[in-house]
Amino acid sequence: MNKSTVQNTETPYAETPQLNDRDLISDALSMEKHLSSAYETATQEASHDALYQMIFSQLRDISKQQRNFYDLQFKHGWYALTPADSKEIQQTVQQYQGYKQQLQ
């Protein structure tokens, strides 16, 4: 099966030893993903509601910034997606429905 990718035209960037725009945005996106994961864990382990609310607020902000970096990379053609076909989607739905039934 031949899958095409969804990608914008790639914005050229300098391929030098120095960091370029693509490298910086990629690094920032990676950092935001790690921060998001850490804040998610912190919200689950917060011992006080006020602390939970503060951490959760930060998690929302980080998530928004992560999406901004993703959108920027996608806009410049530096992030490509491979769409799933309907058969793959249905298989995944069935798999998770099976998991759900096992937990009931």
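The structure reproduced in this document is the subject of the present report.

Here we come to the overall build of the protein chain. In terms of helices and strands, the protein chain carries 3 helices and 0 strands. If you list the helices and strands of the protein chain from N to C, you get α-α-α. Computed over C-alpha atoms, the radius of gyration of the protein chain comes to 19 Å, more than 25% over the 13 Å expected from 2.2 N^0.38 for 104 residues, which places it beyond the range of a compact globule. When the backbone C-alpha atoms are referred to their principal axes, the protein chain occupies close to 50 × 40 × 20 Å. Burial analysis of the protein chain (104 residues in total) assigns 15% to the buried set. Put simply, of all contacts in the protein chain between residues at least 6 apart along the chain, 74% involve residues at least 24 apart.

On to helix α1 (residues 21-45). The terminal C-alpha atoms of α1, which comprises 25 residues, lie 36 Å apart, in line with the 36 Å expected from a rise of 1.5 Å per residue. Taken as a whole, α1 has its buried residues at Ile 25, Ala 28, Leu 29, Glu 32, Ser 36 and Thr 43. On its buried side, α1 packs onto α2 (49-75). Put simply, Asn 20 is the residue that caps the front of α1, since its side-chain oxygen is 3.0 Å from the backbone nitrogen of Arg 22.

Here the focus is the packing of aromatic side chains. By the definition in use, this model includes 5 aromatic pairs. A centroid spacing of 6.1 Å and a plane angle of 20 degrees characterise the contact between Tyr 70 and Phe 74, whose relative ring orientation is stacked. Here Tyr 70 pairs with Phe 74, and both are found in helix α2, just 4 residues apart, close to one helical turn. For Tyr 70, a relative accessible area of 15% puts it in the buried group.

Next up on the list: the environment of Tyr 70. Taking the C-alpha atoms as reference points, Tyr 70 and Ser 30, separated by 40 residues in sequence, lie 9.8 Å from one another. In contact with Tyr 70, other than residues within four places in its own chain, are Leu 29, Tyr 79 and Leu 81.

Turning next to the packing of α1 against α2. For any two helices packed against each other, the geometry is given by the interaxial angle and the distance between the axes. One way to put it is that α1 packs onto α2 with a least axis distance of 9 Å and a crossing angle of 155 degrees. Overall, the two elements α1 and α2 adopt an arrangement that is roughly antiparallel. The way α1 lies across α2 gives a crossing that is left-handed. Of the residues belonging to the contact of α1 with α2, the class tally is 14 nonpolar, 7 polar and 4 charged.

Basis of the calculations
- Residues numbered from 1 in each chain as written.
- Predicted model: local features only at pLDDT ≥ 70, side-chain atom pairs only at ≥ 80, totals over all residues.
- Heavy atoms only, no water.
- Helix = DSSP H or I, 4+ residues; strand = E, 2+ residues; numbered from the N terminus.
- Rg over C-alpha atoms; globule rule 2.2 N^0.38 Å.
- Buried < 20%, exposed > 50% of the residue type's maximum accessible area, 1.4 Å probe, protein only.
- Contact = heavy atoms within 4.5 Å.
- Expected span 1.5 Å × (residues − 1).
- Polar contact = N/O pair within 3.5 Å; in protein donor to acceptor, adjacent residues only side chain to side chain.
- Phe/Tyr/Trp six-rings, centres within 6.5 Å; stacked < 30°, edge-to-face > 60°.
- Axes fitted to C-alpha atoms, helices over the stretch in contact; angles between N-to-C directions.
- Parallel < 35°, antiparallel > 145°, perpendicular 65-115°, else oblique.
- Left-handed = near helix turned anticlockwise from the far one by under 90°.
- Nonpolar A, V, L, I, M, F, W, Y, C, P; charged D, E, K, R; others polar.

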